[in-house]
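Breakdown of the fold
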Amino acid sequence: MNHLINTNAKVIRDEIYGKPYFIIDDFFVNPDSVYKQYFKKLGDLHRKGEENSLNEIFFIDRRKEVRGYIVEEINKIVKYLTNQSPASECFFTNETLFFDEPFNDTEKNWWWMHIDHGYNMIIYMTKKGDSCGTNLYSPEDYYSNNIHYGNEHVNPWIPKEKIRPIKHLEGKYNRLVLFDGKIPHGMNLVKGKFINKYRRNIVGFYADYLDYLRFKSMLNEKK
């Protein structure tokens, strides 16, 4: 376990809306072993029992908790890069697939986007999933259009004309991305990908509520 993380991996840093984001490729020394450890069994249905949920009707969305050494070590890296602290004691898996249904129209719609109060950490754990990483969207569009309505499993698709994507973080296998979750974001999907096949990653959340208030205030000043 001491050699879980590739300490020689290069950290790429850039900025969006004045906020740094980071990309680290070849993050795990043995990603296939990590994959087997955390994805050998399927996670539980996410938000099981939610009223009017479309989970298991048009798509399947699952989660499980990730704890232990991996969390402790990655939290140290995130603290060094962002100075933010964990918002949760554990990480989570994202395990999502889509049924071949007209409802899942990825050519006309973006998957449900949202914001978080601090940095998001994602490690992509699906091979050949580069085109289906994470989109970062225009905060101005997100707030002015009032498109953040409903719940992810009740109203998951947002028409593309309502919001502009500003960056696609490619979902390369064994890539870690770290970005400010106050920028609206959501998974990117393209036609024919992840039909009856799971898109898998590991996510962690971090907190800086005061920075969230400052960022929202900045956007209000631009209106």
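Quick note: structure is the one above.
About the cut-offs
- Residues numbered from 1 in each chain as written.
- Predicted model: local features only at pLDDT ≥ 70, side-chain atom pairs only at ≥ 80, totals over all residues.
- Heavy atoms only, no water.
- Helix = DSSP H or I, 4+ residues; strand = E, 2+ residues; numbered from the N terminus.
- Rg over C-alpha atoms; globule rule 2.2 N^0.38 Å.
- Buried < 20%, exposed > 50% of the residue type's maximum accessible area, 1.4 Å probe, protein only.
- Contact = heavy atoms within 4.5 Å.
- Areas by Shrake-Rupley, 256 points an atom, 1.4 Å probe, with all protein chains shown as cover.
- Phe/Tyr/Trp six-rings, centres within 6.5 Å; stacked < 30°, edge-to-face > 60°.
- Lys NZ or Arg CZ within 6 Å of the ring centre and 35° of its normal.
- Expected span 1.5 Å × (residues − 1).
- Pairing = 2+ DSSP bridges.
- Axes fitted to C-alpha atoms, helices over the stretch in contact; angles between N-to-C directions.
- Polar contact = N/O pair within 3.5 Å; in protein donor to acceptor, adjacent residues only side chain to side chain.
- Salt bridge = Lys/Arg side-chain N within 4 Å of Asp/Glu carboxyl O.

What to know about the overall build of the protein
Scanning the protein from terminus to terminus reveals four helices and 15 strands. Taken against the 2.2 N^0.38 rule, which gives 17 Å for 223 residues, the C-alpha radius of gyration of the protein at 17 Å falls within 12% of a compact globule. Each principal axis of the C-alpha distribution contributes one length, and for the protein these read about 45 × 45 × 30 Å. Out of the 223 residues in the protein, the part that is buried amounts to 51%. Taking the contacts inside the protein whose residues are at least 6 apart along the sequence as the reference set, 84% of them involve residues at least 24 apart. Surface exposure of the protein reaches about 11500 Å², of which carbon and sulfur atoms provide 48%.

Considerations on the packing of aromatic side chains
Tallied over the full model, the rule gives 11 aromatic pairs. When the ring of phenylalanine 27 is compared with that of phenylalanine 28, the centres are 5.1 Å apart and the planes differ by 65°; the resulting orientation is edge-to-face. Exposure class is identical for phenylalanine 27 and phenylalanine 28. Each is buried. Taken together, the ring pairs connect Phe59, Phe98, Trp111 and Trp157 into an aromatic cluster. The lysine or arginine in question, lysine 160, covers the ring of tryptophan 110, its NZ or CZ lying 4.4 Å from the ring centre. Across from the ring centre of phenylalanine 194, 5.7 Å away, lies the NZ or CZ of lysine 193, which sits over that ring.

Focus: helix 2 (residues 69-82)
Across its 14 residues, helix 2 extends 20 Å between first and last C-alpha, which sits within 8% of the 20 Å expected from 1.5 Å per residue. Every buried residue of helix 2 is listed here: Ile70, Val71, Glu73, Ile74, Asn75, Val78 and Thr82. Phi turns positive, to about 65°, at asparagine 83, one or two residues after helix 2.

Quick look at the sheet that holds strand 10 (residues 134-137)
Taken in spatial order, the three strands make up an open sheet running 12-10-14, and their pairing is antiparallel. Either end of the sheet is taken by a strand with one partner, and the two such strands are strand 12 (165-169) and strand 14 (185-187). Put simply, the sheet's adjacent strands are angled 25° from each other on average, direction ignored.

A word on the side chain of aspartate 141
Note on placement: aspartate 141 falls in helix 3 (residues 139-144). According to the relative accessible area criterion, aspartate 141 is buried, its value standing at 12%. A polar atom in the side chain of aspartate 141 sits 2.7 Å from the side chain of arginine 164.

Structural notes on the pattern of salt bridges
All chains considered together, the criterion is met by 13 salt bridges. Note that arginine 63 is salt-bridged to aspartate 61, the shortest N-O span being 2.4 Å. The pair formed by arginine 63 and aspartate 61 is uniform in burial state, with each residue classed as buried. Between lysine 182 and aspartate 180 there is a salt bridge, and its shortest N-O distance comes to 2.8 Å. A relative accessible area of 1% places lysine 182 in the buried class.

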